[in-house]
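# Breakdown of the fold
Chain residues, written in single-letter form:
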Amino acid sequence: MNCLIETALLTHGLRSIANEELAQSWHCPDAILAWVDGGELKLGPIGEYLPFRERSEELIRIDCDHLEEALQTGASGALTASGTMAVCRRLDIPMAITCGMGGIGNLRGEELCPDLPALMNIPVALISTSPKDMLDRPATLDWLRRHGVHTAGEPCTGYLFCGKPVALELPLSSCNNEAAVRRLTADGGLLILNPIPEKERVQDQSILVDAIKAGKQAEAEGHYYHPAANGEMDRRTDGYSSRIQLESIQQNYLLAKSIMD
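Notes on the structure in this doc start here. Not measured: the values here are computed from a predicted model.

### Examining unusual backbone geometry
For Asp92, which is not glycine, the phi dihedral falls at a positive 55 degrees. Relative to the elements of secondary structure, Asp92 occurs in the loop between α5 (81-91) and β6 (95-97). One non-glycine residue, Asp238, lies in positive phi territory at about 55 degrees. Tracing the backbone shows Asp238 in the loop between α10 (225-236) and α11 (240-260). Under the relative-accessibility criterion, Asp238 is labelled exposed at 67%.

And the structure:
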């Protein structure tokens, strides 16, 4: 096993995709996901994860800063990108897989998302699609550069929406095998971005504006920002935003597999 897939997106972010559709759309049967149930770390394929997902409304989101507490207190929750990286470190797994990652923004408690310090401090590579669209992508990628984290891939133009390109440090070819990934990870950290093709992204920018409003309202009411924002995008696109995220996280796994196998 050389990579793990986070479960926060699958658990809380794909509002209109029920378990049956998720199972039918999942084309990576050998992929291993990670979550925490009753204080116990769980690893397994999609079929073992799906019963856990049925309890999504009662499940928390667990990042790297709260993993140990969750394990000690018997909590149950889905792992974010940084939480999955922390699990990878515990198990000596070199790579974690996410979709839309955190970054720098004006989200309560996430002005500096734990994903960024995790990339600097945890010796595990991360494959992501992009920082989420409501974040400051230039500031996010500049923070990583200034803190010695290598970034690889095409210029980053956004996640589900299209924006101005932000250059990355390295071409994807610079980390096309496990030895290169481990070397770059040890030398300050490594983020690989694998974007959704621009022609497949959501074109109506007003949907992003409304998603941000929905997220901020949820935040003000004491709820999680990202599931609310994702839910509004799902509603406005009749589920399309959820389907392309589901496909993207699987493409990120396939990229990881091509690099690490």
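### What to know about the environment of Cys64
Among the secondary structure elements, Cys64 is positioned in the loop between β4 (60-62) and α4 (67-73). Considered as a pair, Cys64 and Asp115 are 51 residues apart in the sequence and their alpha carbons are 8.1 Å apart. With sequence-adjacent residues up to four places away left out, Cys64 is seen in contact with Ser82, Gly83, Ala86, Pro114, Ala118 and Ile122.

### Points about the packing of helix α9 (residues 205-220) against α10
Following both chains from N to C, one finds α9 and α10 inclined at 145 degrees, their axes separated by 7 Å at the closest point. For the crossing formed where α9 meets α10, the hand is right-handed. On α10, the residues touching Ser206, Ile207, Asp210, Ala211, Ile212, Ala214, Gly215, Lys216, Ala218 and Glu219 of α9 are Tyr225, Ala228, Ala229, Glu232, Met233 and Arg236.

### Some points on helix α7 (residues 137-146)
Turning to α7, its buried residues are Arg137, Thr140, Leu141, Trp143 and Leu144. Projection of α7 onto a plane perpendicular to its axis shows the buried side chains occupying an angular sector of 150 degrees, all on one side. Of the exposed residues in α7, the ones pointing more than 90 degrees away from its buried face are Arg145 and Arg146. Turning to α7, the residues buried within the fold contact α6 (115-121), β9 (130-131), β10 (150-152) and β11 (190-193). Capping the start of α7, Asp136 holds a side-chain oxygen 3.0 Å from the backbone nitrogen of Ala139, two or three residues further along. Phi turns positive one or two residues past the end of α7, at Gly148, with a value near 80 degrees.

### Regarding α10
Along its twelve residues, α10 runs 17 Å from first to last C-alpha, staying within 8% of the 16 Å computed at 1.5 Å per residue. For α10, the tally of buried residues reaches ten of twelve residues, placing the bulk of the element in the interior. Residues of α10 that are buried include every one of Tyr225, His226, Pro227, Ala228, Ala229, Asn230, Gly231, Glu232, Met233 and Asp234, and no others. Immediately beyond the C-terminal end of α10, within one or two residues, lies Asp238, with a positive phi of roughly 55 degrees.

### Comments concerning the side chain of Asn230
Tracing the backbone through its elements, the reader meets Asn230 in helix α10. Residue Asn230 is classed as buried on the basis of its relative accessible area of 8%. Here Gln245 takes part through its side chain, which lies 3.1 Å from a polar atom of the side chain of Asn230. Setting aside residues no more than four positions away along its own chain, Asn230 makes contact with Leu9, Gly13, Ser241 and Gln245.

Thresholds, definitions, all that
Residues numbered from 1 in each chain as written. Predicted model: local features only at pLDDT ≥ 70, side-chain atom pairs only at ≥ 80, totals over all residues. Heavy atoms only, no water. Helix = DSSP H or I, 4+ residues; strand = E, 2+ residues; numbered from the N terminus. Buried < 20%, exposed > 50% of the residue type's maximum accessible area, 1.4 Å probe, protein only. Contact = heavy atoms within 4.5 Å. Axes fitted to C-alpha atoms, helices over the stretch in contact; angles between N-to-C directions. Left-handed = near helix turned anticlockwise from the far one by under 90°. Arc of directions from axis to C-beta. Polar contact = N/O pair within 3.5 Å; in protein donor to acceptor, adjacent residues only side chain to side chain. Expected span 1.5 Å × (residues − 1).

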